[in-house]
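Structural overview
Chain residues, written in single-letter form:
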Amino acid sequence: MTKTETAAADVLDIDRIRRDFPMLSSVMNGHGLVYLDNAATTQKPSAVIDRMAAFLRHEYATIHRGVYTFSQLSTAECDTVREKCRRFLNAGRASEIIFVRGATEAVNLVAAGFGRKFLKKGDEILISQIEHHSNIVPWQRLCEEKGLTLKIIPVNDRGEIILEEFQKLLGARTYLVSIGHVSNALGTVNPIREMTRLAHHAGAWVLVDGAQGAPHFRVDVREIDCDFYCFSGHKIYGPTGIGVLYAKAKHLDAMDPYQTGGDMIESVTFEKTTYAKPPAKFEAGTPAIAEIIGLGAALDYLGKLDWEAVTAHERELLTHATEKLSAIPGLKIIGTAAEKASLVSFSLEGIHPHDIGTVLDQEGIAIRAGHHCAQPTMKRFGVPATARASFAFYNTKEEIDKLARGVKKVLEIFK
Ligand code: PMP
């Protein structure tokens, strides 16, 4: 063990952390589960599961509408979670935090509420070549609807955004740059601070899709200075069905609501409706109350971890996986950026990624095989799909060794 490894292991106490996540002691096909599909969704600590169960058992009531005690308590709890989200992203105000279903809904909200209102025929939206479909398709639809142009920032053969090309694409018509913090298919960490600076300099607004960023990095939206940032609760150890859109207050004030109905109005008559102030303006209908509470518990859990140690540990996992996997004959790692999150996408010569996934499943190892909702990324690298192992802070080097042994078994079976 190197000095950093010892330090990370000491502070993190991986064995104890693993005991916090009941799913990690599951058995799959006769083997202890090796869960390496964290980029798709992370496992939940007991703190989240228990908090949600306790809330549903003993505290559950709707928010905002009730005059009775349980409803008031629920409302206060949800307000507390909004404040926790503000702190998690270091946003300036809690009213800049909008609860959504997840990153997908957040991008759709901005496309509808911001894009549809402000972008005009001929305006341009820039996205990168390695975006998740949820940061492609909403913009494509908006472009079709409004006669806008979608421009694509290319990546090099390592999967890194080519900043000079980005600068060339930024122009007087660029209205919005929408960029992933981290590529879910390759692991590339994009230079979002620099890109935001350049975009602002060109007079464009910036959305950062943080679905793969928030799980790995301490995010500071004021330091990044992006206009919008979003993430999904289920990828940061919280429940599904809840996520966050951060937006600068000035945008939320100016934007149109995304959905309309209950809870988002100031007054309604048959002649005219006026809207509530943000965040309520963007949260029509009864929200995912128990999931908001669960998200709060996940943030509390993460808040107790030493993030320097988490980052160091995840970096070690990435290095170890890269070394182990690249030593396997015929294995090619797709995505070799200098800055990567703890994720390795790979292909095996002559073997379909689904076959890799199926053999590994029999060994108790859960990885993702497919296009990872990033078909243009696959196209850029000339593959239909990849196998992807993605790591969380509760993963260990031993699990990566099992993965490497499993991949060798795949080779034996298919040779
Ligand atoms: N963006 C990225 C980079 C993602 O990895 C994902 C989920 N795979 C999403 C957006 C969409 O997140 P969700 O499905 O939780 O809305």
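What you see is a predicted model, and the numbers here were worked out from it, not measured in a lab.

Criteria and thresholds
- Residues numbered from 1 in each chain as written.
- Predicted model: local features only at pLDDT ≥ 70, side-chain atom pairs only at ≥ 80, totals over all residues.
- Heavy atoms only, no water.
- Helix = DSSP H or I, 4+ residues; strand = E, 2+ residues; numbered from the N terminus.
- Expected span 1.5 Å × (residues − 1).
- Buried < 20%, exposed > 50% of the residue type's maximum accessible area, 1.4 Å probe, protein only.
- Near = heavy atom within 4 Å.
- Polar contact = N/O pair within 3.5 Å; in protein donor to acceptor, adjacent residues only side chain to side chain.
- Nonpolar A, V, L, I, M, F, W, Y, C, P; charged D, E, K, R; others polar.
- Salt bridge = Lys/Arg side-chain N within 4 Å of Asp/Glu carboxyl O.
- Pairing = 2+ DSSP bridges.
- Axes fitted to C-alpha atoms, helices over the stretch in contact; angles between N-to-C directions.
- Contact = heavy atoms within 4.5 Å.
- Parallel < 35°, antiparallel > 145°, perpendicular 65-115°, else oblique.
- Left-handed = near helix turned anticlockwise from the far one by under 90°.
- Phe/Tyr/Trp six-rings, centres within 6.5 Å; stacked < 30°, edge-to-face > 60°.
- Core = buried A, V, L, I, M, F, W, Y, C linked by side-chain atoms within 4.5 Å.
- Domains from an automatic or database assignment.
- Buried area = accessible area lost by both parts, 1.4 Å probe.

Further remarks concern helix α11 (residues 289–303). Compared with an ideal rise of 1.5 Å per residue, which puts 15 residues at 21 Å, α11 spans 21 Å between its outermost C-alpha atoms and is within 8% of the ideal. For α11, the tally of buried residues reaches 12 of 15 residues, placing the bulk of the element in the interior.

A separate point is unusual backbone geometry. Negative phi characterises most residues that are not glycine, and trans characterises most peptide bonds. Cis geometry marks the peptide bond from Pro-278 to Pro-279; its omega dihedral reads 5°. Residue position: Pro-279 is located in the loop between β12 (273–275) and α11. Even without being glycine, Asn-29 reaches a positive phi, approximately 50°. Take Asn-29: its relative accessible area is 40%, and that puts it in the partly exposed class. For Asp-263, which is not a glycine, the phi torsion comes out positive at approximately 75°. Counting through the fold element by element, Asp-263 comes out in the loop between α10 (249–254) and β11 (265–268).

Surrounding the ligand, one finds Gly-102, Ala-103, Thr-104, His-132, Ser-134, Asn-184, Asp-209, Ala-211, Gln-212, Ser-232, His-234 and Lys-235. Within the side chain of Ser-232, one N or O atom sits 2.7 Å away from an oxygen atom of the ligand. Lys-235 places a polar side-chain atom, nitrogen or oxygen, 2.7 Å from a nitrogen atom of the ligand. Its residues assigned to classes, the shell around the ligand comprises two nonpolar, eight polar and two charged.

Throughout the structure, instances matching the rule amount to 22 salt bridges. Measuring nitrogen to oxygen at the nearest pair gives 3.9 Å for the salt bridge that ties Arg-87 to Glu-83. In this pair, Arg-87 and Glu-83 both sit in helix α4 (residues 69–89), four residues apart, roughly one turn of the helix. Judged by its relative accessible area of 54%, Arg-87 falls in the exposed class.

Quick look at the pairing of strand β17 (residues 386–390) now. Within β17, five of the five residues are buried, leaving the element largely enclosed by the surrounding structure. Side chains Thr-386, Arg-388 and Ser-390 of β17 all project onto a buried face; the interleaved residues Ala-387 and Ala-389 project onto the opposite face, where all are buried too. Bridge count between strand β14 (residues 343–348) and β17: four bridges; the pairing is antiparallel. Note that in β17 the partner of Ser-345 across the bridge is Arg-388. Examined bridge by bridge, strand β16 (residues 368–370) and β17 share three bridges and lie antiparallel to one another. Within β17, the position partnered with Gly-370 by the bridge is Thr-386.

So, about the sheet that holds β14. Here we have four strands laid out as an open sheet, ordered β13-β14-β17-β16, and antiparallel in their pairing. Looking at strand neighbours, the two that pair on one side only are β13 (331–334) and β16, the edges of this open sheet. Taken over all neighbouring pairs, the strand axes of this sheet differ in orientation by 30° on average, direction set aside. Relative to β14, β13 runs antiparallel, the two being bridged by four bridges. Along β14, the bridge assignment pairs Ile-334 with Ser-345. The sheet strands contacting helix α15 (residues 397–414) are β13, β14 and β17, and the helix crosses β14 at an angle near 15°.

This part is about the packing of helix α5 (residues 103–118) against helix α6 (residues 137–146). The geometry of α5 relative to α6 is characterised by a closest axis approach of 9 Å and an angle of 25° between their N-to-C directions. Relative to α6, the element α5 is oriented roughly parallel. In terms of crossing hand, the pair formed by α5 and α6 is right-handed. Together, Val-107, Asn-108, Val-110, Ala-111, Gly-115 and Arg-116 of α5 and Pro-138, Trp-139, Leu-142, Glu-145 and Lys-146 of α6 make up the contact between the two elements. Residues that form the contact of α5 with α6 fall into these classes: six nonpolar, two polar and three charged.

Right, let's get into the packing of aromatic side chains. Taken as a whole and assessed by the stated rule, the structure comprises 12 aromatic pairs. A ring pair is formed by Phe-55 and Tyr-60, whose centres lie 5.9 Å apart and whose planes are at 80°; its orientation type is edge-to-face. On the basis of relative accessibility, which here comes to 0%, the residue Phe-55 falls in the buried class. Residue Tyr-60 is classed as partly exposed on the basis of its relative accessible area of 46%. Here Tyr-237 and Phe-393 contribute two aromatic rings whose centre-to-centre distance is 4.7 Å and whose plane-to-plane angle is 35°, an arrangement assigned as tilted.

A few words on the nonpolar core. Counting 72 residues, the largest nonpolar core has Leu-89, Tyr-229 and Phe-393 as its most contacted members. In terms of residue count, α11 provides more of this core than any other element does, 10 residues in total. Structurally, this core is a two-domain feature, drawing no fewer than three residues from each of domain 1 (3–39 + 306–413) and domain 2 (50–303). With residues near it in sequence (within four places) discarded, Leu-89 still touches Ile-97, Val-219, Asp-220, Val-221, Tyr-229, Phe-231, Val-244 and Tyr-246. Ranked by size, the runner-up nonpolar core spans 27 residues in total, among them Val-107, Ala-111, Leu-245 and Ala-247.

In terms of domain boundaries, the protein breaks down into domain 1 (3–39 + 306–413) and domain 2 (50–303). One C-alpha centre belongs to domain 1, the other to domain 2, and the line joining them spans 28 Å. At the interface, 33 residues of domain 1 touch 30 residues of domain 2. Summed over both sides, the interface between domain 1 and domain 2 buries roughly 2,600 Å², with carbon and sulfur atoms accounting for 56% of that surface. Our count for the contact surface shared by domain 1 and domain 2 stands at one salt bridge. With a shortest N-O distance of 2.7 Å, Arg-380 and Asp-157 are connected by a salt bridge. Summed over the shared surface of domain 1 and domain 2, the number is 19 residue pairs in polar contact (both at pLDDT 80 or more).

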